[in-house]
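# Fold and geometry: a report
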Amino acid sequence: MASTTTPADAADQSKPRLRALLSFRGRYRMLHLAMLAFLCSFVLWFDMAPFMDDIGKEFGLTAGQKATLALCNIALTIPARTLIGMLVDRYGPRRVYGCLLIFAAIPNTVFAMAHSYTLLVVSRLMVSIVGAGFVVGIRLVAEWFPKRELGTAEGFYGGWGNFGSAAAALTLPVLASSLADGQGAWRWGVGTAGVLAAAYGAFFLAMARDVPDGKTYQRAARKPGLQVTSRPAVFGLMALQVPLAVALGFVVYRLNADFTTVTPKGKKTFPGVIGDGTAAVLYAVVAAWLAYQIYAVLKTNRGVLGGGKPEIEEYRFAAVGLLAIAYMVTFGAELTMASWLPNFFKTLFDMDTTDAATAAACFAGTNLITRPFGGWLSDRTGRRKATLLGLLVGAFLSYLVLWGIDADWPVWQSVGLLALASVFIQGGNGAVYAIVPQIQHRVAGQISGLVGAYGNVGGVLFTSLIFLQVVPQTVFLVIGIASLGAGLCCLMLPGIGEVRRSDTPTVPAGHEAAAVPATTG
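Everything numeric here is computed off the predicted structure, so don't read it as measured data.

With that settled, consider the pattern of salt bridges. Per the counting criterion, the structure on display carries 12 salt bridges. Where Lys 66 meets Asp 53, a salt bridge forms, and the shortest distance between an N and an O atom there is 3.8 Å. Note that Lys 66 is positioned in helix H4 (residues 63-75) and Asp 53 in helix H3 (residues 52-59), a separation of 13 residues in sequence. In this pair, the class of Lys 66 matches that of Asp 53, namely buried.

Take the packing of helix H2 (residues 26-45) against helix H10 (residues 186-207) next. Packing of H2 against H10 leaves a shortest axis separation of 9 Å and a crossing angle of 155 degrees. Between H2 and H10, the crossing angle belongs to the class labelled roughly antiparallel. You can see that H2 and H10 cross each other, and the crossing is left-handed. Contact with H2, carried on its side by Arg 29, Met 30, His 32, Leu 33, Ala 34, Leu 36, Ala 37, Cys 40, Val 43 and Leu 44, involves Ala 193, Gly 194, Ala 197, Tyr 200, Phe 203, Phe 204 and Met 207 of H10 and no other residues of that element.

Next up on the list: H2. Look at H2: 29 Å from first C-alpha to last across 20 residues, which is about the 28 Å you get at 1.5 Å a residue. Among the 20 residues of H2, 16 are classified as buried, and the element is accordingly described as predominantly covered.

In a soluble, globular protein the nonpolar side chains are often hidden away together inside. Within the largest apolar cluster, 132 residues are counted, with the highest numbers of intra-cluster contacts made by Tyr 157, Tyr 315, Phe 317, Val 320, Val 432 and Ile 447. Here this core takes 13 residues from H2, the largest share from any one element. Ignoring any residue separated from it by four or fewer positions in sequence, one finds Ile 447 in contact with Leu 226, Tyr 315, Val 320, Val 436, Ile 439 and Gln 440.

Conventions and cut-offs
Residue positions are given per chain, counted from 1 along the sequence in the order it is written. Given that the model is predicted, a residue must reach a pLDDT of at least 70 before its local features are reported, and side-chain atom pairs must reach 80 or more before they are shown or counted; all residues, however, enter totals for whole chains, interfaces and linings. For the side-chain quantities, the full set of heavy atoms in the structure was used; hydrogens and water were omitted. One side-chain nitrogen of Lys or Arg within 4 Å of one carboxyl oxygen of Asp or Glu is enough to make a salt bridge. Numbering of helices and strands runs from the N terminus, with a helix taken as a DSSP run of H or I at least four residues long and a strand as a DSSP run of E at least two residues long. To sort residues, take the accessible area from a 1.4 Å probe on protein chains only and compare it with the maximum for the residue type: under 20% means buried, over 50% means exposed, and anything in between is partly exposed. Whenever a helix is involved, its axis is fitted only over the stretch in contact; in every case the axis is a line through C-alpha atoms, and angles between N-to-C directions fall within 0 to 180 degrees. Any angle between 65 and 115 degrees counts as roughly perpendicular, while under 35 counts as roughly parallel, over 145 as roughly antiparallel, and the rest as oblique. Less than a right angle of anticlockwise turn of the near helix away from the far helix marks a crossing as left-handed, whereas a clockwise turn marks it as right-handed. What makes two residues a contact is simply this: any of their non-hydrogen atoms within 4.5 Å. Here, expected helix span is obtained from the residue count minus one, scaled by 1.5 Å. Take the buried Ala, Val, Leu, Ile, Met, Phe, Trp, Tyr and Cys residues and link them wherever side-chain atoms come within 4.5 Å; each set so joined is a nonpolar core.

Following this line, the structure appears as structure tokens:
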């Protein structure tokens, strides 16, 4: 694939300009459209979290049943991100993002109107598909921004989009209380989030464009799996499918397992949501899905397995696996904090629903700054690997301190330390996706989907600690140790998108706002 070099290229590779993010013209207009789509998807995805205690009281749910709902909220995002990534590479971001938002509003409405725990579970599983929307915007932003600014742009997109979970926590309880009183008021908050998401989905279909004028959208070949360029990569890609299936199997296990809790009258055991027969069928479905994924990998890459020449430009697949591990920790921790912190604050500090949700927003709320900061820092230094490693080490140290949190701590101190931890965790998200779109452009959606799916695997992994009924502070310790482990793995990360200061070209006068050059190939 060849590209032309013009003064515009020089401008595009200059140091990232933060003030330009306030513009609503050209590529920045598309960045804001994508960001708002992601914001809507996150509000919809996490509209349940601030009302979890209210839902639990209305339906008489145990702690285990509430944790199961939280797990269902991220379960189908795992396969959905790989599927959506493939659809984006084939059909383009505009159609996929708009249709996804409109679709997700349907199960969200069912959830808001549910009158049984089973319907809550089923509808929440379907709502979790909207979490795959993140992948769509990653490819869209990569089409509009040059590599030297990509970390900042992707960080802005992800950070302000991820703020949707905090926006849900801050606004939906207030909205619900203004629309209705007493039991069931949560339904108005959840339902409104779905209506807004569907409306924006229609708006996005009308206003967004896949690529700038003069640039052709490079569609992936119509193949059932991700294309890789070496024989070891084929086996590596097959291996990466296994943890995804294990995470899905764990969700089935939790839906089937009985849950024992302590009540004022002693221990009481509650049956699982699904029976053994249904669980067996679902296990078979997960196994079939895994078998198909492996078949798809083999069919797509049989030429490479036979020693043939790759059909796409060669890329380092090891980077995909290592970044998947890093994102499993960073985004997995973010998902867990978004779902779990409101209840943690309410229980530990005896807060009401609104105050607990506000305190918990200290983590997700910083996404406005922290995720863009991680991407910007990666762009600014040009040392993408070192930036990611430093942020993971910072996360390890922060969670090590949080391990000691208890009810005697001042609330402000707990909030402050969690906000500090979010700088490193969410900054790590930005640093990961400053690299991911640069691995191989033609299949960027599928790579983003695979790495993103591991973020949900991390969410399942960390959320599973709640089912073990461990001391809450243990969750912080496990996330801290996992951050250190991911950092050690990143020492083996290939240098992708690394930019030395001497590589930055001089920008000719008059070209500061040059457009993205067209690419041919």
